[in-house]
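A closer look at the structure
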Amino acid sequence: MTKNLDILEEAKKIVVAIITAFFMAISLNYFLIPANVFASGFTGMAQILSELVPLSPGILLLLLNIPVAVIGWLKVGKSFTFYSFLNVAFTTFFLEAIPVRVFSEDIILNAVFGGVFAGLGAGVILKWGGSTGGVDILALLAAKKNDRPIGVYFLIMNAIIVVTSGMMFGMEKALYTLLNLYVASRIIDTIHTRHVKLTAMVVTNKADELQEAFYKKVMRGVTRIPAKGGYSKEDKEVLLIVITRYELYFLQQVIDEVDPKAFTNIIQTTGIHGMFRKND
């Protein structure tokens with residue numbers, strides 16, 4: 001039964017990777033590419049490079065992600081990297097299969113709706129334990145090494161894209177690129193979560209099993225606090241664990257597998273002090 005559930009879960013994640021790749025391709029071929037507005041991360045970098053070399057953005061996106069996927073597989077996590085690269089591969093396929101089409105000459109509409117579709121694609125796959133590849137994997141690797149906020153690395157990469165777009169097409173296009181990035185980030189916030197770090201408080205009567213499962217799949221330290229049910233008077237424990245937004249899916253998966261009846265409260269963590277790094 002458990003094996004069947006695992007197969008079903010993996011099949012769902014593959015379907016999600018394909019659907020979100022379609023959204024990313026729609027964002028590019030129907031809105032951003034016709035308007036010369038750039039996406040975030042490696043996708044935007046692929047758009048810029050396609051103006052300089054005789055290769056399409058889709059092919060360049062795939063080529064840029066191959067070495068990153070190898071690094072991610074070895075250093076970040078096999079499942080996360082696999083579904084991220086799967087998303088990239090299907091994004092390349094859809095970019096090549098779907099013709100570039102102009103829906104509107106209004107650059108603002110293109111920037112906004114390009115951001116909406118890109119945000120939908122990125123937000124949904126993040127919620128299912130993957131990413132759109134590229135910068136996400138590099139940012140996770142860098143954050144793992146020095147524990148700086150992941151958002152710093154996204155900011156640096158997107159700043160490079162905005163400045164480059166301004167140099168190539170004028171500052172007006174750079175401002176429209178900023179608008180697209182803002183819309184995409186707001187959509188991702190709505191679907192997933194914008195907070196780099198979260199605190200989960202899990203009320204359970206299976207504390208030992210959950211703690212062991214957390215360490216195997218999430219690899220974060222757990223603080224255990226004795227608790228008692230207010231109505232049932234049953235002795236329980238509260239497991240306190242701080243995670244990154246990328247680990248939220250895996251945390252929820254572990255809880256559903258070990259103790260589906262556990263009560264979980266996820267709250268924003270505005271700052272932490274002390275050791276947070278994973279064990280290598």
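Residues numbered from 1 in each chain as written. Predicted model: local features only at pLDDT ≥ 70, side-chain atom pairs only at ≥ 80, totals over all residues. Heavy atoms only, no water.

Turning our attention to empty space enclosed by the protein. Summed over all chains, the structure comprises two cavities of 30 Å³ or more. Looking at the largest cavity, its volume works out to about 40 Å³. Every residue lining the largest cavity is listed: Met24, Leu28, Thr43, Leu61, Asn87, Val88, Thr91 and Thr132. Elements represented by at least two residues in the lining of the largest cavity include exactly helix H1 (2-35) and helix H4 (78-97). If one sorts the elements of the lining of the largest cavity by residue count, H4 sits on top with three residues. (1 Å grid on protein atoms, 1.4 Å probe; cavity = no way out; pocket = protein on both sides within 12 Å on 5 of 7 lines; lining within 4 Å. Points joined across faces, edges and corners; volume = space filled by probe spheres on them. Helix = DSSP H or I, 4+ residues; strand = E, 2+ residues; numbered from the N terminus.)

Tracing the chain through its elements places Thr92 in helix H4. Discounting chain neighbours no more than four positions away, the residues touching Thr92 are Gly58, Ile59 and Leu62. (Contact = heavy atoms within 4.5 Å.)

Moving on, we come to the pairing of strand S2 (residues 223-228). Within a regular strand, the side chains alternate between the two sheet faces. Here S2 pairs with strand S3 (residues 235-244) via six bridges, running antiparallel. Within S3, the position partnered with Arg224 by the bridge is Leu239. Between S2 and S3, which pair antiparallel one after the other, the connecting turn spans six residues, and Lys233 there sits at a positive phi close to 65°. (Pairing = 2+ DSSP bridges.)

It is worth spelling out the nonpolar core at this point. Within the largest apolar cluster, 29 residues are counted, with the highest numbers of intra-cluster contacts made by Val37, Phe42, Leu61 and Ile98. Secondary structure elements with two or more residues in this core: H1, helix H2 (41-50), helix H3 (57-75), H4, helix H5 (107-127), helix H6 (135-146) and helix H7 (150-169). Examining the composition of this core, we find that eight residues originate from one element, H1, more than from any other. Once residues within four sequence positions are removed from consideration, Leu61 is found in contact with Phe42, Thr43, Ala46, Val88, Thr91 and Leu95. Core analysis: the next-biggest nonpolar cluster, separate from the first, contains 15 residues, Val202, Ala207, Ala213 and Ile241 among them. (Core = buried A, V, L, I, M, F, W, Y, C linked by side-chain atoms within 4.5 Å. Buried < 20%, exposed > 50% of the residue type's maximum accessible area, 1.4 Å probe, protein only.)

So, about helix H8 (residues 171-191). Helix length check: H8 (21 residues) gives 31 Å between terminal C-alpha atoms against 30 Å at 1.5 Å per residue, within 8%. By the burial criterion, the buried members of H8 are Lys173, Ala174, Tyr176, Thr177, Asn180, Leu181, Val183, Ala184, Ile188 and Ile191. (Expected span 1.5 Å × (residues − 1).)

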